[in-house]
Amino acid sequence: MKILEAKSISKKFIDPVDFQVLKNISFDVNKGEFTTLVGKSGCGKSTLLYVLSTMDTDFQGQLIIDGQQTGELTKDQLAGLRNEKIGFVFQFHYLLSDFTCLQNVMLPALKLGKLDYKEIEEKAYSKLEVLGLSDQALKLSSKLSGGQQQRVAIARALINDPLIIMGDEPTGNLDSKNTKIVFDIFQELSRSYGQTIIAVTHDEDFASKSDRIIELKDGEVIRS
Amino acid sequence: MNINTQIAKTYIVTNKKLTGVAVAGVVLGMSIYIFMNSMLLGFDKSSSKSIFKTTPHIRVYKDDEISKPLISSNGKQMLLINPKIVPAKNTIINPAQVISSIRTMKEVQIVTAQVNTNIFYNSGKSQITGICSGINPEEADRMYAISSTIVEGSIQALKGNPNGILIGSGVSEKMSLRVNDYVNITSSKGVNKAFKIVGVFKTSNSIIDKSKSYVNILAAQQLLIESNVYVTDINVNISNPDDAENIATQIAASTGYKAEGWEKANETLMAAQRMRKIIITFVSTTILLVAGFGIYNILNMTITQKINDIAILKAMGFKGKDVIRIFVTQAVTVGIMGVVGGMIMATIIITILQRVYIGGDIGYFPITYEPTKYLQGIFVGMIITFFAGYIPAKKAANIDPVEIFRK
């Protein structure tokens, strides 16, 4: 089952110089696939991920997520779609430093508002528990180590049971030990829970262990 | 609690210092705004009060007329070279009827006839010039609150005593006259009459205290060798002094005499009052605006600090208007805290100032708690803080998360 379809996506940067960053990219991602986007720096893989994430709407071509043409949606509707269907994990953790880990994990669910506060709290706890962080739940997120923060960010990405988890260099800022932990979590999510994952990485090791590698070069897919 | 409110609350609580500075700014602006505006109103009230001690809201009198050609003949322009004032009497004809016709007007509270004349006070060889007002004691007391200025004797004694006189404290001092002494008065018509002093008043306006005296209207008419229908002024007090000009016009139209409102009669004072109003409004609004800029700056700073947070919130599905709500909530919360603090502060300042003695005509510092000014302050304060929050929040809402993540 196709969860995400990219149809001839092209994108051009005009500022500072005219530069075709993505050239006619097409591929599908199926449910449960653990896909990595690889390529050299500047090949457009991060740009592609932001296009796929619906945050960047300035491109040509079609992006279909869960059967929905994203081009037809307004910015606010796209935000709603991200909230419900996409979880993000970034290179630099990107937790809100004024909030506790638990609150950070709860935020997307509180925004979605499908469950009441108590239920969300319980769910957030269980997610943190899965990631082995339940004892850190009430600490301010800024007080945690990098590896722990990244795991909190994963828990936050999971809170709304998204269709897709998108990672932008999720291990880029971690040492090898933590990289392994995060990778194991991703693999576990993919194998045991059938979670769809799209991650940008330049870590060959990380990529080689994923289900599928899409390699970009100069804005074109050279392997998928 | 709504998630946006919760985030706003967290930002407020975790940035206690910034919040504190912003609140302090609003407290200061707000308290000065309320205090200065209350003070302005207090000044106005006190100056009106001191005006109304000697001036009625409306004075009806017969104005001097310039002589005109008797015949205004058809088409031809008649010219009088060197026209002069008509040497007619400045008396109101049939004052009783004029008074009763003014009384029928709805807004009118007190109408009283008055005869003013220039006089000399004589006591032994010493002589002082002055003005004597012939009044109806009861009505005049209600109009000018004369009894509140009496330092010796009473106005009651003037009632029904055609030989009684109330003199100013300055006159009393200069001629060393006390209650129950006699003073000889010479009028402009050369009439000499001895009056028994029944009271001494002190208005704290030294010019008045040194010259003015009150007698019964009948006695004043006698001093001018006139009958009891001779009335120079009809004084009118109305329910709302601010309507004076308006009602004066109506009275002038219905009676045919000149009716002058107190604002016209005290043009210099009114001009000073207007000027004061402009200055105080300008200064107090500026201070409040500066407080608004404080909030604006601090919020701008918060947004710059939290730009990563905003980007991540947007990535997680928070909409532009959610971001606006978060920061506007923050600004409005600061605004509410500042407004409440400002009201308390203003109340304290006013309470202290009310106890400061100025002296002279004014007495204690003329300031009161003005509910309208408090409300106005709340209104203006909240509007300014709202916009001080909304403008940077709008900017934050337009942040493109991708741009932040790329850095």
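The rules we used
- Residues numbered from 1 in each chain as written.
- Chains lettered and ligands numbered in written order.
- Predicted model: local features only at pLDDT ≥ 70, side-chain atom pairs only at ≥ 80, totals over all residues.
- Domains from an automatic or database assignment.
- Contact = placed C-beta atoms within 7 Å.
- Nonpolar A, V, L, I, M, F, W, Y, C, P; charged D, E, K, R; others polar.
- Helix = DSSP H or I, 4+ residues; strand = E, 2+ residues; numbered from the N terminus.
- Pairing = 2+ DSSP bridges.
- Axes fitted to C-alpha atoms, helices over the stretch in contact; angles between N-to-C directions.
- Core = buried A, V, L, I, M, F, W, Y, C linked by C-beta atoms within 7 Å.
- Buried ≥ 20, exposed ≤ 12 C-beta atoms within 10 Å, placed from the backbone.
- Left-handed = near helix turned anticlockwise from the far one by under 90°.
- Arc of directions from axis to C-beta.
- pLDDT = per-residue confidence, 0-100.
- Parallel < 35°, antiparallel > 145°, perpendicular 65-115°, else oblique.

Looking now at the domain arrangement of chain B. All names here are of chain B. Taken as a whole, chain B is organised into domain 1 (3-51 + 270-406) and domain 2 (58-64 + 88-264). Taking only C-alpha atoms, the centre of domain 1 and the centre of domain 2 are 51 Å apart. On the domain 2 side, the residues contacting the 5 residues of domain 1 number 5 residues. Taken together, the residues of the side of domain 1 that touches domain 2 sort by class into 2 nonpolar, 2 polar and 1 charged.

Another aspect to go through is the interface of chain A and chain B. If you look at the interface, chain A gives 19 residues, while chain B gives 16 residues. The set of elements that each furnish at least two residues to the side of chain A that touches chain B consists of α2 (75-85) and α3 (101-112) of chain A. By residue number, the principal contributor to the side of chain A that touches chain B is α2(A), which donates 5 residues. A breakdown of the residues in the side of chain A that touches chain B according to their chemical character gives 11 nonpolar, 2 polar and 6 charged.

Attention shifts here to the sheet that holds strand β4 (residues 60-65) of chain A. Residues and elements named next belong to chain A. With antiparallel pairing, the 4 strands of this open sheet are ordered in space as β2-β1-β4-β5. The sheet is open, and its two edges are formed by β2 (19-30) and β5 (68-69), each paired on a single side. As defined by bridge partners, β4 adjoins β5 across 2 bridges and the pair is classed as antiparallel. For Ile65, the partnering residue across the bridge sits in β5 and is Gln68. Across the sheet, helix α1 (residues 45-52) touches β1 (2-13), β2 and β4, and the angle it forms with β1 is around 125°.

Looking now at the nonpolar core. All names here are of chain B. Among the nonpolar cores identified, the biggest contains 112 residues, and Ile295, Val323 and Phe327 are the most heavily contacted of them. Per-element accounting of this core gives the leading share, 12 residues, to helix α2 (residues 16-52). Counting 47 residues, the second-largest nonpolar core is a separate cluster that includes Ile92, Val98, Val183 and Val198.

Strand pairing within a sheet occurs via backbone hydrogen bonds; the two strands may be parallel or antiparallel. Residue and element names in this part refer to chain A. Ordered in space as β6-β7-β8-β3-β9-β10, the 6 strands form an open sheet in which the pairing is mixed. Strand pairing shows two members of the sheet lacking a second neighbour, β6 (86-89) and β10 (220-223), which therefore form its edges. Mean inter-strand twist for the sheet, computed between neighbouring axes without regard to direction, equals 25°. Each of β6 and β7 (164-168) touches helix α5 (residues 146-158); the most contacted strand, β6, lies at about 170° to it.

All names here are of chain B. In the contact formed by helix α10 (residues 267-305) and helix α12 (residues 320-354), the axes pass within 11 Å of each other and the chain directions differ by 145°. For the crossing formed where α10 meets α12, the hand is right-handed. Residues Ile295, Leu299 and Ile303 of α10 form the contact with α12, whose participating residues are Phe327, Gln330, Ala331 and Val334. Residues belonging to the contact of α10 with α12 are distributed by class as follows: 6 nonpolar, 1 polar and no charged.

Right, let's get into α2(A). Buried within α2(A) we find Ala79(A), Arg82(A) and Asn83(A). Along α2(A), the residues classed as buried sweep out an arc of 100° about the axis, all on the same side. On its buried face, α2(A) is in contact with β6 and α3 of chain A together with α11 (307-315) of chain B.

Attention now moves to the confidence of the model for chain B. Put simply, chain B has an average pLDDT of 86, and 98% of its residues get 70 or more. Here the complex is predicted with pTM 0.74, and the ipTM for its interfaces comes to 0.86.

With that settled, consider the packing of helix α3 (residues 95-103) of chain B against helix α8 (residues 244-255) of chain B. Residue and element names in this part refer to chain B. Running from amino to carboxyl end, α3 crosses α8 at an angle of 135°, the nearest separation of the two axes being 11 Å. Viewed along their axes, α3 and α8 adopt a mutual orientation that is oblique. Pair α3 / α8 crosses with right-handed handedness. Side by side, α3 and α8 meet where Val98, Ser101 and Ile102 of the first sit next to Ile251, Ser254 and Thr255 of the second. A per-class count over the contact of α3 with α8 returns 3 nonpolar, 3 polar and no charged.

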